[in-house]
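Examining the three-dimensional arrangement
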Amino acid sequence: MSLAEHISSAMGQGSGPLYQKLQDALRRAIESQLLKPLDALPAERDLASDFGVSRITVRKALDGLVGEGLLTRRQGAGTFVADRVEKQFSKLTSFTEDMATRGRVARSVWLNRSEGGVTPDESLTLGLSPGSRVYRFGRIRYADDMPMALEYSTIPGFALPRIELVEASLYAALEAARNRPVRALQRLRAVLFDSEQAALLEIEPGAPGLFIERRGFAEDGRAIEVTHSWYRGDAYDFVAELNALA
Ligand code: 16G
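All residue numbers refer to position in the chain's written sequence, counted from 1. Given that the model is predicted, a residue must reach a pLDDT of at least 70 before its local features are reported, and side-chain atom pairs must reach 80 or more before they are shown or counted; all residues, however, enter totals for whole chains, interfaces and linings. Excluded from the side-chain calculations are hydrogens and water; all other atoms, namely the structure's heavy atoms, are used.

1. With respect to the nonpolar core
The criterion, for reference: Joining through side-chain atoms within 4.5 Å is the link that ties buried Ala, Val, Leu, Ile, Met, Phe, Trp, Tyr and Cys residues into a set, and such a set is a nonpolar core. Each residue's exposure class comes from its accessible area (1.4 Å probe, protein chains only) as a fraction of the maximum for that residue type: buried when under 20%, exposed when over 50%, partly exposed otherwise. Working definition: helices are DSSP H or I runs of at least four residues, strands are E runs of at least two. Numbering for both runs from the N terminus.
Counting residues in each nonpolar core, the largest one holds 22 residues, and the members touching the most others are Ile7, Leu26 and Leu35. The greatest single-element share of this core, amounting to five residues, is contributed by helix H2 (residues 18-31). Tyr135, Ile155, Tyr171 and Ala218 belong to the second-largest nonpolar core, a separate cluster that totals 13 residues.

So this is what it looks like as structure tokens:
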């Protein structure tokens with residue numbers, strides 16, 4: 001199906017404001033790779049005349065997708081499907097979900113997957129008593145074939161019935177066990193990758209990256225995850241929406 005056919009059929013269905021329908025149709029086109037990273041979108045006036053809507057409607061739909069991080073505007077050049085992954089800092093999503101909304105397929109290569117006693121450090125961050133059992137997961141995270149991040153997670157033993165339940169997605173396994181984090185604290189800092197990390201991520205040693213520590217908490221307040229993520233600096237933008245004090 002061509003992009004024009006996809007959008008025309010979506011615009012003819014359902015109810016709701018036109019700009020929302022156009023925004024949803026374009027989002028689906030990105031998810032299904034009908035529009036690929038770095039593809040240019042048709043000019044606003046062409047979109048407007050092709051789909052019989054006003055330029056204001058087109059502008060509003062595109063603004064929405066720029067806000068979601070799926071499109072970027074370049075001065076004088078037009079609107080493009082985002083190449084760098086823009087990640088909403090205020091949403092508690094998983095890597096697998098982040099990639100799926102961009103039409104990318106998440107996959108991982110395991111670096112380690114083990115079970116053991118909690119270390120003093122982990123017992124402090126996870127609030128566990130000495131001797132508690134934990135699961136540890138180390139992964140290279142890929143978007144399609146591109147390595148994006150290294151991730152090392154520690155999960156308290158009570159959060160999952162068995163370690164083998166973690167396959168493609170840690171959050172999917174935690175959700176099935178009704179222990180998916182509902183709140184998290186995150187800290188982020190700039191890093192330079194050492195040669196071992198760079199080799200795993202297929203980049204140059206010394207390349208810049210982002211180190212993120214996420215501590216996730218379950219509904220009842222217990223810590224469920226501590227994850228150290230090392231994201232490639234050339235592939236990620238972290239975006240946060242800020243509101244003025246009321
Ligand atoms: C994200 C989280 C990480 C979480 C993982 C689960 C950040 C910085 N980190 O990468 O804490 O463990 O998603 O992903 O967003 P999964 O369900 O695909 O395994």
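2. Examining the packing of aromatic side chains
Which entries qualify depends on this criterion: Note on ring pairs: Phe, Tyr and Trp rings are taken, using the six-membered ring of Trp, and paired if centres are within 6.5 Å. Classes follow the plane angle, with under 30 degrees stacked, over 60 edge-to-face and the rest tilted. By the criterion adopted, a ring carries a charge over it if an Arg CZ or a Lys NZ lies within 6 Å of its centre and within 35 degrees of its normal.
Under the defined criterion, the tally for this structure stands at three aromatic pairs. With a centroid separation of 5.9 Å and an interplanar angle of 50°, the aromatic rings of Trp110 and Phe137 are classed as tilted. Pair noted here: Trp110 is in strand S4 (residues 106-117) and Phe137 is in strand S5 (residues 133-143), with a separation of 27 residues, a long-range link. With relative accessibility at 32%, the residue Trp110 sits in the partly exposed group. Residue Phe137 is classed as buried on the basis of its relative accessible area, which comes to 2%. Each ring, one from Tyr135 and one from Phe137, has its centre 6.5 Å from the other, and the planes form 45°; the classification is tilted. The class for Tyr135 is buried, based on a relative accessible area of 6%. Every member of this aromatic cluster is reached through a ring pair, and the members are Trp110, Tyr135 and Phe137. In this arrangement the basic side chain of Lys60 is found over the ring face of Tyr19, its NZ or CZ atom lying 4.2 Å from the centre.

3. A look at the domain arrangement of the protein
For clarity, the cut-off: Domain start and stop points were drawn from an automatic or database domain assignment. Contacts between residues were defined by any pair of non-hydrogen atoms, one from each residue, lying within 4.5 Å. Here's the idea: put two parts together, see how much 1.4 Å probe accessible area each one loses, and the total over both is what we call buried area. Within this document, salt bridges are pairs made up of a side-chain nitrogen of Lys or Arg and a carboxyl oxygen of Asp or Glu, the two lying within 4 Å of each other. We define a polar contact as two N or O atoms separated by no more than 3.5 Å, with the added condition that, inside protein, one atom must be a possible hydrogen donor and the other a possible acceptor, whereas residues neighbouring each other in sequence contribute only through side-chain atom pairs.
Per the domain assignment, the segments making up the protein are domain 1 (3-81) and domain 2 (85-239). Every contact between the two is made by nine residues of domain 1 and, on the other side, eight residues of domain 2. Carbon and sulfur atoms make up 42% of the surface buried where domain 1 meets domain 2, a total of about 630 Å² over both sides. Along the contact surface separating domain 1 from domain 2 lie zero salt bridges. Applying the counting rule to domain 1 against domain 2 returns zero residue pairs in polar contact (both at pLDDT 80 or more).

4. Section: the sheet that holds strand S8 (residues 208-217)
Short version of the rule: Any two strands with at least two DSSP-identified bridges between them are counted as paired. Each axis is a line fitted through C-alpha atoms, taken for helices only over the stretch in contact, and angles between the N-to-C directions span 0 to 180 degrees.
Strand order in the open sheet formed by six strands is S4-S5-S6-S9-S8-S7, with antiparallel pairing between adjacent strands. For this open sheet the edge positions go to S4 and strand S7 (183-192), each flanked by a neighbour on one side alone. Between one strand axis and the next, the sheet turns through 15° on average, direction left out of account. As defined by bridge partners, strand S6 (residues 146-156) adjoins strand S9 (residues 223-232) across six bridges and the pair is classed as antiparallel. Residue pairing across strands places Tyr152 opposite His228, the latter belonging to S9.

5. So, the environment of Ala176
Mapped onto the fold, Ala176 is located in helix H7 (residues 170-176). With relative accessibility at 66%, the residue Ala176 sits in the exposed group. Ala176 sits 11 residues away from Leu165 along the chain, and the two C-alpha atoms are 9.2 Å apart.

6. Topic: the pattern of salt bridges
Pairing is possible between side chains that carry opposite charge, provided their charged atoms lie close to one another. Across all of its chains, the model carries 14 salt bridges by this definition. Among the ionic pairs, Arg180 bridges to Glu97, the shortest N-O distance being 2.9 Å. Here Arg180 is found in the loop between H7 and S7, whereas its partner Glu97 is found in helix H5 (residues 95-100), with 83 residues between them in sequence. Judged by relative accessible area, which is 19%, Arg180 ranks as buried. Judged by its relative accessible area of 31%, Glu97 falls in the partly exposed class. One salt bridge in this structure joins Arg136 and Glu122, with 2.8 Å as the shortest N-O distance.

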